[in-house]
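Here is how the chains run, residue by residue.
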Amino acid sequence: MLAMLLIGGRMSPYGCSSAAVITVLPELLRGLQDWWVIGLRTHSARHSGVCSPGFPGPAPATRRAPQDGSSGKGRGGGVNTIELKGITKIFGGLAAVSSLDLTVAKGEIHGLIGPNGSGKSTTLNLISGQYIPTSGQILLGGRDITRVPPAERTVLGIARTFQNIRLFRRLSVLDNVMVSRYCRTRSGLVPVFLRLPSERREEAQAREAALAALRVVDMDGRADALPGDLPYGQQRLVEIARALATDPQVLMLDEPAAGMNPTEKRDLQLLIARLNREHQLTILLVEHDMDLVMAACGRLTVLNFGAKIGEGSAYEVRANPDVIEAYLGSEEAVGA
Ligand code: ADP
Ligand code: MG
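A. Geometry of the environment of glycine 142. Its location among the elements puts glycine 142 in the loop between strand S4 (135–140) and strand S5 (143–144). Its relative accessible area of 52% is what places glycine 142 among the exposed residues. Note: C-alpha distance between glycine 142 and glutamate 83 (59 residues apart in sequence) is 7.9 Å.

B. Quick look at the coordination of the magnesium ion (ligand 2). Coordination of the magnesium ion (ligand 2) by the protein comes from Ser121 (OG) and Gln163 (OE1), over a distance range of 2.1 Å. Of the two residues, serine 121 sits in helix H4 (residues 120–128) while glutamine 163 sits in the loop between strand S6 (158–160) and helix H6 (173–181), which places them 42 residues apart along the sequence. Judged by its relative accessible area of 31%, glutamine 163 is partly exposed.

C. Expanded view of the site of ligand 1. Lining the immediate surroundings of ligand 1 are Phe91, Leu94, Ala96, Pro115, Asn116, Gly117, Ser118, Gly119, Lys120, Ser121, Thr122 and Tyr131. With respect to ligand 1, the backbone of glycine 119 contributes an N or O atom lying 3.0 Å from an oxygen atom. Only strand S2 (94–104) and H4 provide two or more residues apiece to the shell around ligand 1. Looking at which element gives the most residues to the shell around ligand 1, the answer is H4, with 3 residues.

D. Region of the structure containing the nonpolar core. If you look at the biggest cluster of nonpolar residues, it comprises 50 residues, and the most contacted ones within it are Ile240, Leu244, Leu251, Leu275 and Ile283. Tallying contributions element by element places helix H9 (residues 232–244) first for this core, with 6 residues. Membership of the second largest hydrophobic core comes to 21 residues, among which are Leu112, Leu124, Ile127 and Val286.

E. Representation of the packing of aromatic side chains. Counted according to the given criterion, the structure contains 1 aromatic pair. Ring geometry for phenylalanine 91 and tyrosine 131: centres 5.1 Å apart, planes at 75°, overall edge-to-face. Placement of the pair is phenylalanine 91 in strand S1 (residues 82–91) and tyrosine 131 in the loop between H4 and S4, with a sequence separation of 40 residues. You can call tyrosine 131 partly exposed: its relative accessible area is 29%.

F. Representation of the sheet that holds strand S9 (residues 299–304) within the structure. The strand order across the open sheet built from 6 strands is S6-S7-S8-S3-S9-S10, with neighbouring strands paired in mixed fashion. Across the chains shown, the open sheet's two edge strands, defined by having one partner strand only, are S6 and strand S10 (307–312). Here the strands of the sheet are splayed against their neighbours by 20° on average, with no regard to which way each runs. Pairing geometry for S9 and S10, over 5 bridges, is antiparallel. Each residue of the ladder has a partner; that of leucine 300, found in S10, is glycine 312. Lying on the sheet, H4 is in contact with strand S3 (109–113), S6, strand S7 (250–254), strand S8 (282–286) and S9; it crosses S7 at an angle near 150°. Sheet strands in contact with H9 are S6 and S7, and its direction is about 160° off that of S7.

G. Fine view of unusual backbone geometry. The phi angle at glutamate 255 is positive, at roughly 50°, despite the residue not being glycine. Tracing the chain through its elements places glutamate 255 in the loop between S7 and helix H10 (262–278). One non-glycine residue, phenylalanine 305, adopts positive backbone phi at about 50°. Tracing the backbone through its elements, the reader meets phenylalanine 305 in the loop between S9 and S10.

H. The arrangement of the pairing of S7 in detail. Most of S7 is tucked away: 5 of the 5 residues are buried. Burial along S7 is two-sided: Val250, Met252 and Asp254 and Leu251 and Leu253, pointing in opposite directions, are all buried. Strand direction decides the pairing type here: S6 and S7, joined by 3 bridges, are parallel. Looking across to S7, one finds that isoleucine 158 is bridged to valine 250.

I. Layout of the sheet that holds S1. With antiparallel pairing, 4 strands are arranged side by side in an open sheet as S2-S1-S4-S5. A strand with exactly one partner marks an edge of an open sheet, and here the two such strands are S2 and S5. Against the sheet, H4 contacts S1, S2 and S4, and its axis sits at roughly 115° relative to S1.

Cut-offs applied
- Residues numbered from 1 in each chain as written.
- Chains lettered and ligands numbered in written order.
- Predicted model: local features only at pLDDT ≥ 70, side-chain atom pairs only at ≥ 80, totals over all residues.
- Heavy atoms only, no water.
- Helix = DSSP H or I, 4+ residues; strand = E, 2+ residues; numbered from the N terminus.
- Buried < 20%, exposed > 50% of the residue type's maximum accessible area, 1.4 Å probe, protein only.
- Donors = N, O, S within 2.8 Å, 3.2 Å for Na, K, Ca; no water.
- Near = heavy atom within 4 Å.
- Polar contact = N/O pair within 3.5 Å; in protein donor to acceptor, adjacent residues only side chain to side chain.
- Core = buried A, V, L, I, M, F, W, Y, C linked by side-chain atoms within 4.5 Å.
- Phe/Tyr/Trp six-rings, centres within 6.5 Å; stacked < 30°, edge-to-face > 60°.
- Pairing = 2+ DSSP bridges.
- Axes fitted to C-alpha atoms, helices over the stretch in contact; angles between N-to-C directions.
- Contact = heavy atoms within 4.5 Å.

Shown next as structure tokens:
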């Protein structure tokens, strides 16, 4: 009503026509309401300046990432080591993460474990940008990304899955994975609307990349299924494929084995090793299944009440008295 008065004028007959415009305009533009996302997509593509042709297959051995975290350039010239320096995240009065120093070196599979509520998911949310830390600094390859928005972090090469599966229920498996691929495409609003050849080519490439990512997790056979029709274990694989389709350097997995049977867990362990070895992915794994964590991870960080209480190899962490106490306190065994 206010807009009508402002546009038309309170005492003028044009007030009437402004009312007509304001009523009719949304109707006329209704067909466009689904397209606002394209604006975001164009925006992030412009920021990225990157358009790789698809999820890369296994890289040649010469591209093998070093294990020591000391060298090696990732996309955009950055080294993909993640460093958290004195990170604290406070919710109300509760420090979900407190003064955490954590380094995930390029090329490693790093486990992040701890009892329920110890701050593992919050840590992933801080690295992916869903949360901004109360204090502290997050670096990716030496670059400060503490305040970089989540979408830009994806473009920089950080991908993740969620503890509570977050797939689009009404999109097919393939579409779910293609959605994430749009962070690497460039087509703006006009080419998309007009279905220009460049846009169609890009769409086909996105489809190929999404299929390639599904192939990596052995889910390409279910590309047309709806996520709800798949068992939990397979939905988690689709989430991994969606993360892979962003063409990441760092992959963060939040309890990927939850809901998986023993066979699926073993396959997951092999998949994680393969992603690290053949696709040069640095992996940060949050997981409750201790057998999986101990077998998959080179190094572990243990949280309790948001603070780091242990760090080192699986062997060192298992023998750490603070870790044993934290787990016994919550009646969970370390590497039973
Ligand atoms: P974990 O993943 O280790 O089980 P979380 O990181 O999810 O633990 O949670 C750590 C603590 O922070 C918990 O006490 C949780 O209730 C709290 N927490 C997490 N996210 C929020 C939030 N968005 N708002 C308030 N409290 C939160
Ligand atoms: Mg969690």
